[in-house]
Amino acid sequence: MSDSEEDSQDRQLKMVLIGDGASGKTSLATRFAQEAFGKQYKQTIGLDFFLKRITLPGNLNVTLQVWDIGGQTIGGKMLDKYIYGAQGVLLVYDITNSQSFENLEDWYSMVKKANEESEVQPVIALVANKIDLEHMRTVKVDKHQRFCQENGLISQFVSAKTGDSVFLCFQRVAAEILGIKLNKAEIEQSQRIVRAELVDYPQDEGLITQDSNQSKICSVQ
Ligand SMILES: Nc1nc2c(ncn2[C@@H]2O[C@H](COP(=O)(O)OP(=O)(O)OP(=O)(O)O)[C@@H](O)[C@H]2O)c(=O)[nH]1
């Protein structure tokens, strides 16, 4: 292959998503690669792959090979092999499930073990998913920050459901792998703006009782 042909080929980066079952790994991969979200939980058996091409600052095209590893693989023989050679690792937990955060210690140990003999260590991000469920949060932000500081991890809060910061998360890890600095404007551009649904509660309950025949059921047609 000539130099020019080689130049025109995208750089490929292997990124693995690991963490407990139901923390939202498949949902994050699907949101990132296909801009979609499904409410139904379907357990990943083994692993799934997704490919997505992104452009980093400086017009650099990279193809991310996203390995969505099923939560049930922990303790299994194949996990080491799945993680091996990854340039980026996303350690995913669910902010409404403390156990999924506690178990990250084990997942993190697996990453370190799988890369024991590699010269290059992967870039690792701690990914707090389901931030649309902030009202059900059980994992304190402090705990998240401490884990990142102690282990030198990238910190990211996301929601696969709304899409909030999902693209940014993958982009930050890819940029870090390639030694590219994202400026503030680039970061802001990647953060999807989430519109909160406003519920217009009646200010004065008395107004409702005035007309007792009035239905309170709202149907959407
Ligand atoms: N509210 C909310 N639900 C989410 C979010 N991400 C995922 N879910 C839901 O959580 C459930 C589990 O999501 P998955 O993406 O299948 O989880 P997983 O980590 O891939 O699970 P395994 O395949 O068992 O490893 C599904 O019902 C998703 O719809 C999120 O950001 N917000």
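Residue positions are given per chain, counted from 1 along the sequence in the order it is written. Per-residue local features are limited, in this predicted model, to residues with pLDDT of at least 70; the limit for side-chain atom pairs, both in listing and counting, is 80 or more; totals at the level of whole chains, interfaces and linings are taken over all residues. Side-chain measures were taken over the full set of non-hydrogen atoms in the model, leaving aside hydrogen atoms and water.

Draft legend 1. Representation of the site of the ligand in the model. The ligand sits among 24 residues. The nearest are Lys-25, Ser-27, Tyr-41, Thr-44 and Gly-71. In protein, a polar contact requires one atom able to donate a hydrogen and another able to accept it; more generally it is a pair of N or O atoms within 3.5 Å, and residues adjacent in sequence count only if both atoms are side-chain atoms. Within the backbone of Lys-39, an N or O atom sits 2.7 Å from an oxygen atom of the ligand. Side-chain polar atom of Ser-159 to an oxygen atom of the ligand: 3.4 Å apart, as the coordinates give it. Methods summary: accessible areas were calculated by the Shrake-Rupley approach with a probe of 1.4 Å, and residue burial reflects only the protein chains presented. Look at the ligand: alone it shows 650 Å² of surface, and the protein chains cover 92% of it. Here the ligand is seated within the largest pocket. The element that contributes the greatest number of residues to the shell around the ligand is helix H2 (residues 25-34), accounting for three residues. Across the shell around the ligand, the residue classes tally to five nonpolar, 13 polar and six charged. One heavy atom suffices: a residue is near a molecule or strand as soon as one of its heavy atoms comes within 4 Å of it. Buriedness of a pocket was judged along seven lines, with at least five required to meet protein on both sides within 12 Å; pockets are open sets of points on a 1 Å grid over the protein atoms alone, cavities are sets where a 1.4 Å probe fits but cannot get out, and lining residues have an atom within 4 Å of a point. Those molecules having more than half of their atoms within 2 Å of a cavity or pocket grid point set are described as sitting in that cavity or pocket. By definition, any uninterrupted DSSP run of H or I lasting at least four residues is a helix, any uninterrupted run of E lasting at least two residues is a strand, and each is numbered from the N terminus. Under the scheme applied here, ten amino acids are nonpolar (Ala, Val, Leu, Ile, Met, Phe, Trp, Tyr, Cys and Pro), four are charged (Asp, Glu, Lys and Arg), and all others, including Gly, are polar.

Draft legend 2. Helix H6 (residues 141-151), seen in detail. Among the residues making up H6, those that are buried are His-144, Phe-147 and Cys-148. The buried residues of H6 all sit within an arc of 95° when viewed along its axis, so they share a single face. For H6, the exposed residues set more than 90 degrees away from the buried face come down to Asp-142, Gln-149 and Glu-150. In what follows, a contact means two residues having at least one pair of non-hydrogen atoms within 4.5 Å. For H6, the elements touching its buried residues are strand S4 (88-94), helix H4 (98-102), helix H5 (104-114), strand S5 (123-129) and strand S6 (154-157). Think of it in three bands: residues with accessible area under 20% of the maximum for their type are buried, residues over 50% are exposed, and the middle band is partly exposed, with areas taken using a 1.4 Å probe on protein chains only. Think of it as the arc spanned by the lines of direction from the helix axis to the C-beta atoms.

Draft legend 3. Layout of the packing of H2 against helix H7 (residues 166-177). A fitted line through C-alpha atoms represents every axis, and for helices the fit uses only the stretch in contact; the resulting angles, taken between N-to-C directions, go from 0 to 180 degrees. Viewed as axis vectors pointing N to C, H2 and H7 meet at an angle of 90°, and their least axial separation amounts to 9 Å. In terms of their interaxial angle, H2 and H7 are classed as roughly perpendicular. Seen from H2, the contacting residues are Leu-28, Arg-31 and Phe-32; seen from H7, they are Val-166, Phe-167 and Phe-170. Residue composition of the contact of H2 with H7, by class: five nonpolar, no polar and one charged. Note on terminology: angles under 35 degrees are roughly parallel, angles over 145 are roughly antiparallel, angles of 65 to 115 are roughly perpendicular, and the others are oblique.

Draft legend 4. Seen up close, the pairing of S6. Here S6 shows a clear split, with Ile-154 and Gln-156 buried on one side and none of Ser-155 and Phe-157 buried on the other. On the question of chirality, the crossover connecting S5 to the parallel S6 by way of H6 is right-handed. Orient the strands so they point away from the viewer, and a crossover whose first-strand-to-second-strand path over the helix runs clockwise is right-handed.

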